[in-house]
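Here are the chains, one letter per residue:
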Amino acid sequence: MSVQRPGRLDGQASEGGELAPRSGKTLVAPAGWAFAIWGPIFLGEMVGVVAPFFIKESAPVVEVLRQTSGPFIAAQIFQSLWCAAFRPKYKGWSMFVSTGFLSATAYSLSRAHAVFAANSDKYSNLEYGIFFLPMALHFGWTSAASLVNLNGSVSMQEGQSTKVIKYVGHLSVLAASALGIYLAKERNAPVYAGVIAWALAAVADGMKKRLDSVDDSDKKKKKASVSVNLDGAKTQYLLSKTGSMINALGAAFVAGSMSASSKAVPKF
């Protein structure tokens, strides 16, 4: 798999560097635990592409699968291209190519998400869990990851000011928070808002680690080439934490409303 090839910038972030939560420049740097979500996404999608071989062609869900298959395949292609582009050899403005590929991944998954959210009467809860829950997780996470990628590309531009990094970071968190609530309401999509809450909680945790590192005695041992950016970190922590809580509450409210309605079929 393309995601397993070493040398990507996100791999370097876990080792410390400009994209790292504790020692980096970007203000949208999720804590490492956030990336555990890739496990259920890829495992779920693997099951989802095998399961259609075991259902009848006359099943109502088949029509939904046909409509989502194109955007889903496009998303996988764009994500593979992102894996190839998100590498240190791409510098300057070429770094935004990876942002474009990841954003295209999220957009493609949004198209698939819109289809199965609008056709929830054609599949059961079990079929949703097998075929569409992994896509919903993937859509939410790549939406957030696109903003992570954007901020990383901005922060790694040579001579970039911390003021620009700060405002791009703040606007990204506000945009993610608003998008999570909007789609949760418009598409009855609590899973999407839940994933945004997960991502923002990880960003808040990353900023907390950075702020706590100010008094860390080990900071003198960090590489001299890495400059820790604290400009706006406290505000970013508060914005991310608040956005996470709002989206978590929004996801719970939408899910509760759907469960309370006798006509509603979960379409997360």
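None of these values were measured; they are calculated from a predicted model.

Student: Looking at this structure, how should I read the packing of helix H2 (residues 38-50) against helix H5 (residues 125-155)?
Tutor: Axis separation between H2 and H5 bottoms out at 8 Å; the angle between their running directions is 145°. The chirality of how H2 crosses H5 is left-handed. Touching Trp38, Ile41, Gly44, Glu45, Val47 and Gly48 of H2 are Ile130, Phe131, Pro134, Met135, Leu137, His138, Trp141 and Thr142, all from H5. Of the residues contributing to the contact of H2 with H5, the split by class is nine nonpolar, four polar and one charged.

Student: Mind showing me how you'd approach the nonpolar core here?
Tutor: Side chains of a nonpolar character, in soluble globular proteins, are inclined to be buried together. Grouped together as the largest cluster of nonpolar side chains are 37 residues, with contacts concentrated most on Val61, Phe116, Tyr128, Phe132 and Trp141. Those elements that provide at least two residues to this core are H2, helix H3 (61-85), helix H4 (96-118), H5, helix H6 (162-186) and helix H7 (190-212). The element best represented in this core is H5, accounting for nine residues.

Student: Looking at this structure, I do not really get the packing of aromatic side chains. What am I missing?
Tutor: Here a ring pair, both rings aromatic, is described through the centre-centre distance and the interplanar angle of the planes. Scanning the model with the defined rule gives 10 aromatic pairs in all. Relative to Phe132, the ring of Phe116 has its centre 4.8 Å away and its plane inclined at 20°; by these criteria the two rings are stacked. Of this pair, Phe116 sits in helix H4 while Phe132 is found in helix H5, placing the two residues 16 residues apart along the sequence. Each of the two residues, Phe116 as well as Phe132, counts as buried. Here the aromatic cluster, defined as three or more aromatic residues joined through ring pairs, consists of Phe116, Tyr123, Tyr128, Phe131 and Phe132. Lys166 extends its terminal NZ or CZ atom over the ring of Tyr167, reaching a point 5.0 Å from the ring centre.

Student: I'm lost on the UniProt feature "transmembrane region" (unreviewed entry) in the chain in this one. Help?
Tutor: Residues annotated by UniProt as "transmembrane region" (unreviewed entry) correspond here to residues 32-55, 67-86, 93-110, 130-152 and 164-183. A helix fraction of 54% and a strand fraction of 0% characterise residues 32-55, whose end C-alpha atoms lie 38 Å from each other. Helix and strand shares over residues 67-86 are 95% and 0% respectively, and the end C-alpha atoms of the span are 30 Å apart.

Student: Could you clarify how one ought to interpret the environment of Gly180 in this entry?
Tutor: Turning to its location among the elements, Gly180 is positioned in helix H6. The buried category is assigned to Gly180, whose relative accessible area is 0%.

Student: Explain the pattern of salt bridges to me, please; I cannot follow it from the model alone.
Tutor: Two side chains bearing opposite charge may form a pair once their charged atoms approach each other closely. Applying the stated rule across the entire model yields six salt bridges. A salt bridge links Lys166 to Asp231; the shortest N-O distance between them is 3.6 Å. Placement of the pair is Lys166 in helix H6 and Asp231 in the loop between H7 and helix H8 (233-260), with a sequence separation of 65 residues. Assessed through its relative accessible area of 29%, Asp231 is described here as partly exposed. Residue Lys185 pairs with Glu186 through a salt bridge whose shortest N-O separation is 3.7 Å. Take Glu186: its relative accessible area is 46%, and that puts it in the partly exposed class. Each member of the salt-bridge network shares a partner with another, and the members are Glu57, Glu63 and Arg66.

Student: What am I meant to see in H6 here?
Tutor: Each α-helix winds once per 3.6 residues, and so residues spaced three or four apart point in a common direction. Over its 25 residues, H6 runs 36 Å from end to end, which matches the ideal 36 Å to within 8%, given 1.5 Å per residue. When we look at burial in H6, the residues that qualify are Ile165, Lys166, Gly169, His170, Ser172, Val173, Ala176, Ser177, Gly180, Leu183 and Ala184. Turning to H6, the residues buried within the fold contact H5, H7 and H8. One or two steps after H6, the chain reaches Asn188, where phi turns positive at roughly 50°.

Student: In this structure, what is going on with the confidence of the model for the chain? I would like to understand it.
Tutor: When the pLDDT values of the chain are averaged, the result is 90; 87% of them are 70 or greater. Segment residues 222-226 is flagged for pLDDT under 50; beyond a separation of four residues in sequence, or across chains, it makes five contacts in the model.

Student: Is there a simple way to think about the packing of H6 against H7 in this case?
Tutor: As a packed pair, H6 and H7 sit with axes 8 Å apart at the nearest point and diverge in direction by 160°. When the interaxial angle is binned, H6 and H7 end up roughly antiparallel. As H6 runs across H7, the sense of the crossing is left-handed. Between H6, through Val173, Ala176, Ser177, Leu179, Gly180, Leu183 and Ala184, and H7, the contact on the second element is made entirely by Tyr192, Ala193, Ile196 and Leu200. By residue class, the composition of the contact of H6 with H7 is nine nonpolar, two polar and no charged.

Student: I would appreciate a short explanation of the environment of Ala233 in the present structure.
Tutor: In this fold, Ala233 is placed in helix H8. We classify Ala233 as buried; its relative accessible area is 0%. Setting aside residues no more than four positions away along its own chain, Ala233 makes contact with Leu27, Met207 and Leu211.

About the thresholds
- Residues numbered from 1 in each chain as written.
- Predicted model: local features only at pLDDT ≥ 70, side-chain atom pairs only at ≥ 80, totals over all residues.
- Heavy atoms only, no water.
- Axes fitted to C-alpha atoms, helices over the stretch in contact; angles between N-to-C directions.
- Helix = DSSP H or I, 4+ residues; strand = E, 2+ residues; numbered from the N terminus.
- Left-handed = near helix turned anticlockwise from the far one by under 90°.
- Contact = heavy atoms within 4.5 Å.
- Nonpolar A, V, L, I, M, F, W, Y, C, P; charged D, E, K, R; others polar.
- Core = buried A, V, L, I, M, F, W, Y, C linked by side-chain atoms within 4.5 Å.
- Buried < 20%, exposed > 50% of the residue type's maximum accessible area, 1.4 Å probe, protein only.
- Phe/Tyr/Trp six-rings, centres within 6.5 Å; stacked < 30°, edge-to-face > 60°.
- Lys NZ or Arg CZ within 6 Å of the ring centre and 35° of its normal.
- UniProt positions renumbered as here; feature names shortened; annotations may be inferred.
- Salt bridge = Lys/Arg side-chain N within 4 Å of Asp/Glu carboxyl O.
- Expected span 1.5 Å × (residues − 1).
- pLDDT = per-residue confidence, 0-100.
- Parallel < 35°, antiparallel > 145°, perpendicular 65-115°, else oblique.

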